Every structure is written in C-alpha cells, then in structure tokens.
Amino acid sequence: MSKPRDERQKDLFRPALDQIIDMGHPLVPGAGDRLGVSRTALRRGLHDGTWPAAAARPVDCRAVHPEAHALAVGRGAVCALAGEPQYFCGEQSFRHDLPFDRSSMTRWRQRLGEEHLAALLQESLSVAHKTDALETKDLERVAVDTTVQPKAIAHPTDARLMHRAIEKLVGLAKREGVVLRQSYLRVAKRAAIMVGRYSHAHQFKRARRMLKFLRTRLGRLIRDIGRKIDGNADLEAIFVPLLSLATRVRQQDQHQRGRKVYALHAPEVECIGKGKARAPYEFGCKVSVATPVTSPKGGQFVLHAKALHGNPYGGHTLGPVVAELEELTGIETRRIHVDKGYRGHNHPHRFRVWISGQVRRVTASIRCEMKRRAAIEPVIGHLKAEHRMGRNYLKGPEGDRINAVLAAAGYNLYGADGVKW
C-alpha cells in the first residue's frame, strides 16, 4: 500500500492535478491527512497475518470508502473522470482512463468487513487525539443514543410484495429453464394496480377481492414450481430460498405477531415504530451512536457506531456498546448520559449512567453535562442527511453494519460542514 510514484518527468505534457482542479473542493483540503488516516488504518487491518493483501493500485480504492460516505456520493461519482477524487487518492497528474473499476469498491468493502473497517473510525479518533482536537476527558464522558438506519426499500404493501414474488419466481424459472403452466405476469400486474386504485377510492371490498386474486395466483405458482423441481437437488437448492420467502409473503397477515417480510431483496429489514405522527414506522435496523457529551476543540466526533439487528430494547444494548466503545478508544468511560429510553439498562456500573430527568446524585457539573446530552441529536441528523445513513443501499445485515461504521468515519473526517480537517 505504498504511495504512487511521481512519474511526471516522463511526460511533460500531462497536466499536474494541483494546477487544473478546484482547490476549494471538499475532497482537496487536508487530502493528504485523510488519505494517511485511511491507509494507516487499512494497512493495520489488512496485514494482520490472516490473509495477504493485493498490491496497491495507483489510485487506492480502499481509502475512498469514507470519502464516499462523507460526501454522500455513490461508486460512480467517486470513480468518475474528475480531478478532485484522483487528487485525494494520491495521483499527481490527471488521468483520462478510469482510476479503478466501480465494482472494486464493493469487493474491497466486502473483503474488509465491519471489523477491519472499524479501524478507520479508530484511526480518525487517534489522529484527533494526537492533534489535541479530542482530549481524554472527551472520551471519558459520552452520550449514547439509538436511531433507525432505513433500508433502501419501497413502502411494503401486500399487493406489491405478492406481485414482486410472482415476478421473481417467473424470472428465476425462465433463467433455469423450468417450463411453467402459466406465468400470471399480465393478470398479476393489473391486479396489483387495481388494489391501489380501489383502496384510494375507499372501495375496500373490491381491493380485498383483487388481493385475494393475487394471493391465489402466487399459491398456484409456488405449487407449480414445487412439482417441476421435485427430485432435482440442483434446482431445489436454487429455488428453495426464494420459494420460502414467497410462501411467507403469501401467508403473512397484517396483524400477526413476529417477524414479517417487508422486501424480497432485503428480508432482514425490521419494522421499527418511533411514535411520530408524520412517519410512525421506519423500515431498517437500529444503530447505536456514541459522541462526547463535552465540547471538543475539534468539534463533535462519533466515538462509536454499531448496527443492531432484532429491534432490541435500547437499555439492553448499553452494556455491550459501552464495552466496545472502551475497547475502541482504550479509555474507560466515567459518565454515560442517555435519554429515558434507556431506563432499565444492563450496564454493570449503574452509577456511571445518567438518565435525562434524573434528580438524585446530580451535581452542578453533571447537570451541565445532562443539558449537553441533546447535542447527539444533530450529530445523528448529519449522519443521516450528509453521510449516507439516511438510506442504506448496502446489501444484507453485513451491509447495515458496514454502512454505520463508514458513515461515522466519514463524519469524523469531514464533520457537518464538509471542511473539518
């Protein structure tokens, strides 16, 4: 993972990047410092003896992940033929070819995983501590809160889910050469449209009739495919995951208890109620966020971020989250400030936890810190609005965990206004 060589003397007609790019672009200020943080952290994670790392490319796509989350851009924008991303990645001269393939970012992200990408967050805190932007007292007094990281799915409805299940089953059957008795694609599409129209017109009896029509056709398709693949082990291995999801979609009811399927491409999504009239439910997973409750010299930092699946109660997540936070920073937390959603928490040192509205044992300094607890709310807002936590596009539960860590690392590198370092 060495730095790219400066080969500008070989071609005097290749323009230098610092002469042609906008030096005020958010990627440019402090690019060397941020690139050093990314490379140092990833080098520590990659060269741990478990598996060898590939040779570094001229443009290090591994170090671009926090930048993409910091600027809330996708793979294509980072790989585009723009000078600023190339300057950040260590290039000296402008290149007309693609610096790296956009799929390389996906492969490296999956290869690293949450455990190694957490080194980016740890290294950003380490550099901030060395430069006095973050002091030890800021790491000892923290605020912890949970939020919802929504998944990139459409609003789930029975009609849409059953129509998508029919489309996916028919498409998979065509790819595998399974001849169906009937596909039901045309009539299923019309039925799904009519459910929405009848519901909008408050003609709910007709809407229920179309919904029953969809459910019947989906059941016929599931049974037809089951008969065609019976006894073929290879086809059963291919069809069983999708067939089980389609069966759950067909059988689930609005008022049933337990887990439901809200998206066929993301079955891990959970429905989380947040008690707000405008949007009472969100579909995704919970994320625990920890920030200093003090006012660090370098501005606010995200000390820890972790996706939590299974929609756990906030108080039951406090003990493991604080333990991971102390392991990440290497400093024991002295005061932990939380909101009333953490009542009945499982932290082993209960006298270190201060809940909003608490009266007993509250001194003047602790009262000031309790007022500062609400400072974590705008940090969560910036993580969602500007650092890609507001809509997660990464696949699976592992993608949820990776997205939360990268959003926190991007915030530490750039902050809320895009020019933190």
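Everything below is about the structure shown above.
Every value quoted in this text rests on a predicted model; they were computed, and no experiment measured them.

**Student:** Help me understand unusual backbone geometry, please; the structure alone is not making it clear to me.
**Tutor:** Residues apart from glycine generally show negative phi values, whereas peptide bonds are mostly found in trans. Even without being glycine, Asp 132 reaches a positive phi, approximately 65°. Within the element layout of this structure, Asp 132 appears in the loop between helix H6 (102-130) and helix H7 (136-140).

**Student:** Is there a simple way to explain the pairing of strand E3 (residues 281-292) in this structure?
**Tutor:** Along a regular strand, successive side chains alternate from one face of the sheet to the other. Most of E3 is tucked away, with 11 of its 12 residues classed as buried. Sheet topology places strand E1 (residues 141-150) next to E3; nine bridges connect them, and they run antiparallel. Opposite Ala 143, over in E3, you have Thr 291 as the bridge partner. Bridge count for strand E2 (residues 270-273) against E3 is four bridges, and the pairing is antiparallel. Within E3, the position partnered with Glu 270 by the bridge is Gly 284. Bridge analysis of E3 against strand E4 (residues 304-308) gives five bridges, and the strand direction is antiparallel. Bridge assignment links Ala 290 to a residue of E4, and that residue is His 304.

**Student:** How should I be thinking about the packing of aromatic side chains in this particular structure?
**Tutor:** By convention here, two paired aromatic rings are described through the distance between centres and the angle between planes. Enumeration according to the criterion identifies one aromatic pair in this entry. Ring plane angle 50° and centroid distance 5.3 Å describe the contact between Tyr 262 and Phe 283, whose orientation is recorded as tilted. You can see Tyr 262 sitting in the loop between helix H11 (233-251) and E2 and its partner Phe 283 sitting in strand E3, a full 21 residues away along the chain. Given the relative accessible area of 16%, Tyr 262 is considered buried. Above the face of the Trp 354 ring, Arg 361 is positioned so that its terminal group lies 4.5 Å from the ring centre.

**Student:** Teacher, can you tell me more about the pattern of salt bridges here?
**Tutor:** Note on pairing: side chains with opposite charge can pair once their charged atoms come close. Under the counting rule described, the total for this entry stands at 16 salt bridges. Salt-bridge contacts for Glu 268 lead to Lys 151; the nearest nitrogen and oxygen are separated by 3.2 Å. Of the two residues, Glu 268 sits in the loop between H11 and E2 while Lys 151 sits in the loop between E1 and helix H8 (158-176), which places them 117 residues apart along the sequence. Linking Asp 224 and Lys 228 is a salt bridge whose minimum nitrogen-to-oxygen distance equals 3.3 Å.

**Student:** Honestly, the nonpolar core in this entry has me stumped. Any pointers?
**Tutor:** Nonpolar side chains tend to gather and get buried jointly when the protein is soluble and globular. Counting 39 residues, the largest nonpolar core has Val 144, Val 302, Leu 303, Leu 318, Ile 336, Val 338 and Leu 383 as its most contacted members. Setting aside its immediate chain neighbours within four residues, Val 338 contacts Val 144, Leu 318, Val 353, Trp 354, Ile 355, Ser 356 and Arg 373. The next biggest cluster of nonpolar side chains, apart from the first, holds 35 residues, and it includes Leu 172, Val 195, Ala 207 and Val 261.

**Student:** Explanation requested: H6 in the structure shown.
**Tutor:** Residue pairs three or four apart in sequence face the same way in an α-helix, which turns once every 3.6 residues. For H6, with 29 residues, the first-to-last C-alpha span of 34 Å runs short of the 42 Å given by 1.5 Å per residue. Along its length, H6 reaches its greatest deviation from straightness, about 95°, at Gly 113. Positive backbone phi, approximately 65°, marks Asp 132, located one or two places after H6.

The rules behind the values
Residues numbered from 1 in each chain as written. Predicted model: local features only at pLDDT ≥ 70, side-chain atom pairs only at ≥ 80, totals over all residues. Heavy atoms only, no water. Helix = DSSP H or I, 4+ residues; strand = E, 2+ residues; numbered from the N terminus. Buried < 20%, exposed > 50% of the residue type's maximum accessible area, 1.4 Å probe, protein only. Pairing = 2+ DSSP bridges. Phe/Tyr/Trp six-rings, centres within 6.5 Å; stacked < 30°, edge-to-face > 60°. Lys NZ or Arg CZ within 6 Å of the ring centre and 35° of its normal. Salt bridge = Lys/Arg side-chain N within 4 Å of Asp/Glu carboxyl O. Core = buried A, V, L, I, M, F, W, Y, C linked by side-chain atoms within 4.5 Å. Contact = heavy atoms within 4.5 Å. Expected span 1.5 Å × (residues − 1). Bend = angle between axes of the 7 residues up to and from the residue.

Function-wise, these values are silent; they only describe arrangement.
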